[in-house]
Amino acid sequence: MVLKVRKNRTPHPPGNCPLSHCMAILGGAWTPNIIWYLSSGPRRFSELRGDIPPISAKVLTDRLRQLEAQGIVSRAVVPSSPPSVEYALTDLGAELIPAIEAIADVSKKLRMRQPGYDPAACAAESGRPVRGRARRSADASGRAPRPQPAPDTPTMPDTPTVPEPLTA
């Protein structure tokens, strides 16, 4: 039996498709992570490096420059001794937070459907306490061992919470 090819009734995206443009911005390596950590307020370069340990200084510098050029991130030189630079989300950049939170929510749901899903490991990774049945699979300290991300693979927190700022 030959299957009939159905006509796609979805209209073609416009020439300058806004979805493609936005996804090109968010699709950059580590970009969602940078936006995520800037969502709680301005951060210095070294603080961002601490937030995202696997990222190299070169890649972080490149991404911050790209995001600044696109109007997503602002860069401010703080007059101190020695001078420091703070990065913050612009109003336009802050509008990306709900989209990133939605992606993180879908990711969590997809993870739960995977064979071998371990809620204790995910809770330990997100820093939340392990409760209920998930606690039984945790080690004696009540926390599962923290899984290590693959090299050059961006990771997102499991829950759409704003990270706590690091103290010096």
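All residue numbers here refer to positions counted from 1 along the written sequence of the relevant chain. Residue-level local features of this predicted model are given only where pLDDT is at least 70; pairs of side-chain atoms are given and counted only at 80 or more, and the full residue set underlies all totals for whole chains, interfaces and linings. Side-chain metrics in this entry use all non-hydrogen atoms of the structure; hydrogen atoms and water are not considered.

### Here's the deal with the overall build of the chain
And then number 1: Check the secondary structure of the chain and you find eight helices and three strands.
And then number 2: For the purposes of this entry, the term helix denotes a DSSP run of H or I that reaches at least four residues, the term strand denotes a run of E that reaches at least two, and both are numbered from the N terminus. In the chain, the succession of α and β elements from N to C terminus is α-α-β-α-α-β-β-α-α-α-α.
And then number 3: Counting across all 168 residues of the chain, residues that qualify as buried make up 29%.
And then number 4: Should any heavy atoms of two residues lie within 4.5 Å, those residues are counted as being in contact. When contacts within the chain are restricted to residue pairs at least 6 apart in sequence, those whose partners lie at least 24 apart make up 51%.
And then number 5: Carbon and sulfur atoms make up 57% of the accessible area of the chain, which amounts to about 11,700 Å² in all. A 1.4 Å probe rolled over the protein chains alone gives each residue an accessible area, and that area as a share of the maximum for its type sets the label: buried under 20%, exposed over 50%, partly exposed in between. The Shrake-Rupley method, run with a 1.4 Å probe sphere, supplies the accessible areas, and residue values consider only the shown protein chains as cover.

### Looking at the side chain of T31
And then number 1: With respect to the element layout, T31 can be found in helix α2 (residues 31-38).
And then number 2: Judged by relative accessible area, T31 falls into the buried class, the value being 2%.
And then number 3: Those residues in contact with T31 that lie beyond four places of it in its chain are I25, L26, R63 and L67.

### Details of the side chain of R43
And then number 1: With respect to the helices and strands, the residue R43 is situated in strand β1 (residues 43-44).
And then number 2: Here D51 takes part through its side chain, which lies 3.0 Å from a polar atom of the side chain of R43. Polar contact is defined as a pair of N or O atoms within 3.5 Å, subject to the rule that within protein one atom must be able to donate a hydrogen and the other to accept it, and that residues adjacent in sequence are counted only when both atoms are side-chain atoms.

### A word on the confidence of the model for the chain
And then number 1: Summarising the model, the chain shows a mean pLDDT of 78, and 70% of its residues fall at 70 or more.
And then number 2: pLDDT is defined as a per-residue confidence score from the predictor, taking values between 0 and 100. Ranking the elements of the chain by mean pLDDT puts helix α8 (residues 133-136) last, at 38, and β1 first, at 96.
And then number 3: Residue range residues 127-147 is modelled with pLDDT below 50. Its contacts to residues more than four positions away, or to other chains, number 28 contacts.

### Quick notes on the pattern of salt bridges
And then number 1: Any carboxyl oxygen of Asp or Glu within 4 Å of a side-chain nitrogen of Lys or Arg constitutes a salt bridge here. Tallied over the full model, the rule gives four salt bridges.
And then number 2: For R43, the salt bridge goes to D51, with nearest N and O atoms at 3.0 Å. Across this residue pair, the class does not change: R43 and D51 are buried.

### Re the packing of α2 against helix α6 (residues 97-113)
And then number 1: A fitted line through C-alpha atoms represents every axis, and for helices the fit uses only the stretch in contact; the resulting angles, taken between N-to-C directions, go from 0 to 180 degrees. In the contact formed by α2 and α6, the axes pass within 10 Å of each other and the chain directions differ by 115 degrees. As α2 packs across α6, the resulting crossing turns out to be left-handed. Two secondary-structure elements touch here, α2 through P32, I35 and W36 and α6 through I97, I100 and E101.
And then number 2: Tallied by class, residues from the contact of α2 with α6 come to five nonpolar, no polar and one charged. Should the near helix be turned anticlockwise from the far one by less than a right angle, the crossing is termed left-handed; should it be turned clockwise, right-handed. Just so you know the grouping, Ala, Val, Leu, Ile, Met, Phe, Trp, Tyr, Cys and Pro go in nonpolar, Asp, Glu, Lys and Arg go in charged, and all remaining residues, Gly too, go in polar.

### Comments concerning the sheet that holds β1
And then number 1: Whether two strands pair comes down to DSSP finding at least two bridges between them. Across the sheet, three strands lie side by side as β1-β3-β2; this open sheet has antiparallel pairing. The two strands at the open ends of the sheet, each matched to only one other strand, are β1 and β2 (73-78).
And then number 2: In this structure, β1 lies alongside strand β3 (residues 84-89), joined through two bridges in antiparallel fashion. Among the inter-strand pairings, R43 is bridged to a residue of β3, identified as Y87.

### A look at the pairing of β3
And then number 1: With six bridges connecting them, β2 and β3 associate as antiparallel partners. Within β3, the residue paired with V77 across the bridge is V85.
And then number 2: Between the end of β2 and the start of β3, which pair antiparallel, lie five residues.

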